[in-house]
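Below, each chain spelled out in residue letters.
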Amino acid sequence: MQIISVPTVFTCKTPTAGWLNLAQVRQVQFEDLPNPIAVITWHNGDTQSFFGDNATAIRSTWLEAAQRFHRSVT
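A brief structural summary. Sequence order sets the numbering: in each chain, residues are counted from 1 along the sequence as written. Only residues with pLDDT of 70 or above have their local features reported here, since the model is predicted, and side-chain atom pairs are shown and tallied only from 80 upward, although totals for entire chains, interfaces and linings are computed over all residues. Processing note: side-chain calculations cover all non-hydrogen atoms of the structure and skip hydrogens and water entirely.

The subject of this paragraph is the nonpolar core. Residues enter a nonpolar core if they are buried and are Ala, Val, Leu, Ile, Met, Phe, Trp, Tyr or Cys, with the set joined through side-chain atoms within 4.5 Å. Note on classification: 1.4 Å probe, protein chains only; a residue is buried when its accessible area is under 20% of the maximum for its type, exposed when over 50%, partly exposed between these limits. Among the nonpolar cores identified, the biggest contains 13 residues, and Leu 20, Leu 22, Val 25, Ile 40, Trp 42, Phe 50 and Ile 58 are the most heavily contacted of them. If you list the elements that add at least two residues to this core, you get β3 (25-31), β4 (37-42) and α1 (52-73). Whether two residues are in contact is decided by their heavy atoms, any of which lying within 4.5 Å being enough. If sequence neighbours within four positions are ignored, Leu 20 has contacts with Phe 10, Thr 11, Cys 12, Thr 14, Trp 42, Phe 50 and Ile 58. Starting at the N terminus, helices and strands are each numbered in turn, a helix being any DSSP run of H or I of at least four residues and a strand any DSSP run of E of at least two.

So, in structure tokens, the structure goes:
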């Protein structure tokens, strides 16, 4: 069994929604058309939607973290 260490704080600064801790995300969905939307399901089951520049900031941070993770395991 492999143990994966997950950070307890993984921050994302959004233009108008403040700081988010993406380490608490259970699921995230992104849509681009007609406007950027990010729908986050938090670890407690609550769902929150972010639009426009906030969604773009979340997506950028999420993809950057995914690339870093991928490089660290290959």
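This part is about the side chain of Asn 54. Mapped onto the elements, Asn 54 comes out in helix α1. Those residues in contact with Asn 54 that sit more than four places away from it in its chain are Thr 14, Pro 15, Thr 16 and Ala 17.

So, on to the pairing of β3. Two strands pair under a simple rule: DSSP has to find at least two bridges between them. Sheet topology places β3 next to β4; six bridges connect them, and they run antiparallel. What sits directly across from Glu 31, in β4, is Ile 37. Between β3 and β4, which pair antiparallel one after the other, the connecting turn spans five residues.

Pairing is antiparallel in the open sheet, where three strands are placed in the order β3-β4-β5. Either end of the sheet is taken by a strand with one partner, and the two such strands are β3 and β5 (47-51). Direction aside, the axes of adjacent strands within the sheet are offset by 15° on average. Of the strand pairs in this sheet, β4 and β5 are connected by five bridges, and their pairing is antiparallel. Within the sheet, the bridge partner assigned to Ala 38 lies in β5 and is Phe 50. Helix axes are fitted to C-alpha atoms over the stretch in contact, other axes to C-alpha atoms as well, and angles between N-to-C directions run from 0 to 180 degrees.

Attention now moves to the pairing of strand β2 (residues 18-21). Across four bridges, strand β1 (residues 11-14) lies against β2 in antiparallel orientation. Note on β2: the bridge partner recorded for Thr 14 is Gly 18. Between the end of β1 and the start of β2, which pair antiparallel, lie three residues.

Attention now moves to the pattern of salt bridges. One side-chain nitrogen of Lys or Arg within 4 Å of one carboxyl oxygen of Asp or Glu is enough to make a salt bridge. According to the stated counting rule, one finds one salt bridge in the structure shown. Of the charged contacts in the structure, one is a salt bridge between Asp 32 and Arg 59, with a shortest N-O distance of 2.7 Å. Residue Asp 32 is found in the loop between β3 and β4, and its partner Arg 59 is found in helix α1; the two are separated by 27 residues along the sequence. A residue is classified by how much of its surface remains accessible, and Arg 59, at 29% relative accessible area, is partly exposed.

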